[in-house]
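Read off the chains here:
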Amino acid sequence: MHVPGLLRKALRDLARRPLRSSLTILGIAVGVAGLVAIVSLGQNIAQAQAETYANTSQADLDYWVWNASPGVLRALESVPNVDRAELRASYHTKWRVGTSWRDIELIGIPNFGTITLNQFAIVAGRVPRPGEVLIEVSARDIAPLELEQEIVYRDGQDLRERTLTISGFSRSPSYLSSVLTSITRAYLPASEVRRQLGIEGYNQLLVRLHDVRRAQETVSRINRLLERRGIWHGAPLIRDPQSFPGKRELDGLLVLLTVFSTVGLGVSSFLVINTLLALLAEQVREVGIIKAIGGSRGQIVQLYLYTTAIYGLAGTLVGLLLGALVGWWLLRLVAALGNVEVPFRLAPRGVALGTVVGLGVTLLAGLIPAWVGARTPVRLALQGYGIAPAFGRGWLEKSLRRLAHLPPTLAMAARNLARRKGRSLVTISVIALAAASFLATQATRASVNRTIDDAFVTYGADVWVWFSEPVGKDFAQQIESVPGVHSAEAWTLTDCWLEGVPARLWGVPANTRLYRPRLQEGRWFAPEETDSIVVSSELAAAQDVRLGDRLELEVAGRRREAEVVGIAIDNSILLGSTLAGKVFAPRDVVARLLGRQGVADFFAVALLNGSPAYVDRTIAEIEREFRPLRPGAQPTYTDVESARKASQLLTLALALMVLLVGLVGAIGVVNTLGLSVLERRREIGVLRAIGATNRPLVVAFVGEGVAMAMPGWLLGLILGYPLGRLFTRLMEGVLFRIDYVFSPSLIGTSLAFALALAAAASVGPALAAARMPAQEALRYE
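Just so you know, these numbers come straight off a predicted model, no measurement behind them.

Criteria and cut-off values
- Residues numbered from 1 in each chain as written.
- Predicted model: local features only at pLDDT ≥ 70, side-chain atom pairs only at ≥ 80, totals over all residues.
- Heavy atoms only, no water.
- Helix = DSSP H or I, 4+ residues; strand = E, 2+ residues; numbered from the N terminus.
- Buried < 20%, exposed > 50% of the residue type's maximum accessible area, 1.4 Å probe, protein only.
- Contact = heavy atoms within 4.5 Å.
- pLDDT = per-residue confidence, 0-100.
- Patch = residues over 30% accessible without salt bridge, like charges linked within 9 Å, V, L, I, M, F, W, Y side chains within 5 Å.
- Areas by Shrake-Rupley, 256 points an atom, 1.4 Å probe, with all protein chains shown as cover.
- Salt bridge = Lys/Arg side-chain N within 4 Å of Asp/Glu carboxyl O.
- Core = buried A, V, L, I, M, F, W, Y, C linked by side-chain atoms within 4.5 Å.
- Phe/Tyr/Trp six-rings, centres within 6.5 Å; stacked < 30°, edge-to-face > 60°.
- Lys NZ or Arg CZ within 6 Å of the ring centre and 35° of its normal.
- Pairing = 2+ DSSP bridges.
- Expected span 1.5 Å × (residues − 1).
- Lys, Arg positive; Asp, Glu negative; His and termini not counted.
- Charge placed at Lys NZ, Arg CZ, Asp CG, Glu CD.

## Quick word on the overall build of the protein
Within the protein, the secondary structure is distributed over 24 helices and 20 strands. Within the protein, the proportion of its 781 residues that are buried is 57%. Within the protein, contacts between residues separated by at least 24 positions form 82% of all contacts whose residues are at least 6 apart in sequence.

Below, the structure written as structure tokens:
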């Protein structure tokens, strides 16, 4: 048989079982699609971040200032490394969404026609006039908003409910979506925000630098300038050029997609092996005839490799198309959460990698059944279907005879596992992989959710409260007098540099009651210590920090050497973090570094009840009580909501992985039982002839599927625990420390998954056997 003849036969073989061929091609396509989607998504996001920074002129420094006049902008022009600067007025308040109140930041723009920093695009409507507001388009995902609609908010002067009319919707790449952050951004004329703040100047300073690598040096110069002009200011937020808001969550998604593709290609290999072994079993007599008329082993191998190559080529082509669609969909989803518009570009490297892997893995998998077919002796091949001569003599068959106490149909189903041991083993392996993947993904999801919950339990505060003007550090006692407040503490929160690495610095009282450190090593600092710090485990791992190390801490241009006395597990910086971790130091020490001895403007507040409704009511009381100080407040439950929403992409990827592996497992069961029906047509005919009804035949074949599910589940149980640990370890590499959770309830859930998978996949072959007429089955040759 020449090459064209072998190729034509391979094509006819694929057309003989269109459903099986289609499912096999789909399995290969899924693995290829994952690779294409991963590479394209990563490339598009990297390019979008660079373009967003260039096109929207994102600020490198974001200062909180108080009542700064426009004249400071002219002074900033003389500071070396400053490219340009802008002033804005910002006010945090609440707006009504349905029956609840949500956080909103009202950003006052002096002139909408001259914005050069943190630019935004108007996607609908127009620039707002007095009494109007331009609101973030992502707010439409949390409330049904339309143009010319009125929104209700709390006024900063008297806390009364007032309205603003929506003039348009904007998209601001400088901020993440309102869905993730639980904070809606809205723009309006600066005069309206200044009125609410009760000031004539501005309270936000944005600065763009020529060279962000010299940020610390420039910050020191700007701080001195602001202090000379008597402008009260906080430590600036410094943009990290190597990162962007939500980067860690996106990295976690890419890791999961990589695992998804690897698992997809692995199970696709099993599927190719299973399919070709099924094809070989169906054509075993044809193989015998080819050999009997002079066909060589090489030609048999060629025949099945041609079939494999057609599967691989078709799967790769479908996978490339599917990968482009999935990559486009994921990019739209990620871009919407990041408030940017990104055109999709198919990555050539992803196409090349998907093609090479799709064809290569498939051909490698096809070598096994091709070699089995080539080695089959002519005599055995011509014997056709049925029970092998040695059936019943092995230890497995003898062991299965002991199941005589089972109903006859179920006992027959169990014994049939030993009829084609190789085929049954491959199917059991696929079910095992499906069960292991189910266990691993569910354990990973539970571990991430538990870690998020535990991270926020570390903080005893229900509300963060800050004031537009500094107050005494003992002001906490006045906050505690507000009805509903249990306790309050003055804290300090700022950015810092630890040995040249950016981190978040928390100034916390040494005897704090509102922070419960989970110490991995060492201890918490004592009240009398002034040069001791505690670092987060994430920062310690990234920078190889150990107990006893003396490190240089830099805050607002001031340097201080401190000793690491403890390493704490704190994963609460989840969404939008561009920092390596956290540093905790005594609050008074941080205040001195910032030049704020004796004053405070940020408080951690614990309430008598942590329910969202109670928290919102108490925040309203705090705002009403201290209205002249223009307080701002952020409930911590929104932090938890934001973190959980950020993990939804990861949960989606895990669910897709389970779906993929479950689909391949089901295809394996369908292949195996379909062949079992084909091989046992005469047996089915005999059973029909002696009066067997549909029910026992269905029970027999569904029972055979369930019988394969049990050992598959047991093997999956053994593999699932370490596989879950591997998944969480990979996630830790890009997110944060994750405590692995493997609940005993997962054992029962995975058993139900394996049994349901096998039973559902068995229904089709079982019904085919039940509907087979006796005369047709007995006539089969």
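## What to know about the confidence of the model for the protein
For the protein, per-residue confidence averages 77 on the pLDDT scale, and residues scoring 70 or more make up 71% of the total. The secondary structure element of the protein with the lowest average pLDDT is helix α12 (residues 395-400), at 50, and the one with the highest is strand β5 (residues 132-136), at 93.

## Describing a nonpolar patch on the surface
On the surface, L715, I718 and L719 cluster together to form a nonpolar patch covering roughly 270 Å² of accessible area. Mapping I718 onto the fold places it in helix α22 (residues 694-732). The exposure class of I718 is exposed, given its relative accessible area of 60%.

## Focus: the environment of L76
Assignment of secondary structure puts L76 in helix α3 (residues 71-76). For L76, a relative accessible area of 1% gives the class buried. Separated by 131 residues in the primary sequence, L76 and V207 have C-alpha atoms spaced 9.0 Å apart. Those residues in contact with L76 that lie beyond four places of it in its chain are V82, A85, L205, I222 and L225.

## Some details on the pattern of salt bridges
Using the criterion set out here, one finds 21 salt bridges in the structure. Among the salt bridges present, the one from D83 reaches R84, with a minimum N-O distance of 2.7 Å. A residue is classified by how much of its surface remains accessible, and D83, at 33% relative accessible area, is partly exposed. Its relative accessible area of 27% is what places R84 among the partly exposed residues. R513 serves as the salt-bridge partner of E480, at 3.8 Å between the closest nitrogen and oxygen.

## What to know about the side chain of T218
Secondary-structure assignment places T218 in helix α6 (residues 215-228). Classification of T218 by relative accessible area gives buried; the value is 0%. Here T218 is in contact with V79, P80, N81, V82 and L209, once residues within four sequence places are set aside.

## Focus on the nonpolar core
W95, I135, L145, I151 and I222 are the most contacted members of the largest nonpolar core, which totals 47 residues. If you look at the next biggest cluster of nonpolar residues, it comprises 22 residues, including V463, I479, V482 and V615.

## Structural notes on the packing of aromatic side chains
With the rule as written, the count across this model stands at 24 aromatic pairs. Ring centres of W464 and W491 lie 5.6 Å apart, and the angle between their planes is 50 degrees; on these two criteria the pair is classed as tilted. On the criterion of sequence distance, the pair formed by W464 in strand β11 (residues 463-472) and W491 in strand β12 (residues 485-498) is long-range, its members being 27 residues apart. This pair shows no difference in class: W464 is buried, exactly as W491 is. Taken together, the aromatic side chains of Y459, W464, W491, W506, Y515, W524, F525, F584 and F602 make up a single cluster linked through ring pairs. Sitting over the face of the ring of F169, R140 holds its NZ or CZ atom 4.2 Å from the ring centroid.

## Structural notes on the pairing of strand β15 (residues 532-536)
The buried count for β15 comes to five of five residues, which makes it a mostly enclosed element. Burial of the side chains of β15 extends over both faces: S532, V534 and S536 are buried on one face and I533 and V535 on the other. Across five bridges, β15 lies against strand β17 (residues 558-568) in parallel orientation. Bridge pairing in β17 places V535 opposite I567.

## Here's the deal with unusual backbone geometry
In this structure, N67 takes a positive phi of about 55 degrees despite not being glycine. If you trace the backbone, N67 turns up in strand β1 (residues 61-68). In this model, D544 sits at a positive phi of 55 degrees, which is unusual for a non-glycine residue. Tracing the backbone through its elements, the reader meets D544 in the loop between α16 (537-543) and β16 (550-555). For D544, a relative accessible area of 49% puts it in the partly exposed group.

## Quick notes on the pairing of strand β20 (residues 631-635)
Counting buried residues along β20, five of its five residues qualify, which places the element largely inside the surrounding structure. What you see with β20 is no split at all: P631, A633 and P635 on one side and G632 and Q634 on the other are buried throughout. Relative to β20, β11 runs antiparallel, the two sharing five bridges. Counterpart to W464 in the pairing with β20 is Q634.

## Description of α6
For α6, spanning 14 residues, the distance from its first C-alpha to its last is 20 Å, which sits close to the expected 20 Å at 1.5 Å a residue. Among the residues of α6, A215, Q216, T218, V219, S220, I222, N223, L225 and L226 are the ones counted as buried. Looking one or two residues past α6, G230 carries a phi angle of roughly 70 degrees, positive in sign.

## Some remarks on a positive patch on the surface
On the surface, a cluster of positive charge is made up of R74, R224, R228 and R229. Examined against the element boundaries, R74 turns out to sit in helix α3. According to the relative accessible area criterion, R74 is exposed, its value standing at 61%.

## Section: helix α18 (residues 612-625)
Spacing of three or four residues puts side chains on the same side of an α-helix, whose turn is 3.6 residues. Compared with the 20 Å implied by 1.5 Å per residue over 14 residues, the 20 Å span of α18 between its first and last C-alpha is a close match. Listed in full, the buried residues belonging to α18 are V615, D616, T618, I619, A620, I622 and E623.

## Points about the environment of A461
Tracing the sequence through the fold places A461 in the loop between α14 (421-457) and β11. Residue A461 is classed as buried on the basis of its relative accessible area of 3%. For the pair formed by A461 and Y637, sequence separation is 176 residues and the distance between their alpha carbons is 9.9 Å. Residues in contact with A461, not counting those within four places in the same chain, are L514, A604, V605, A606 and T636.

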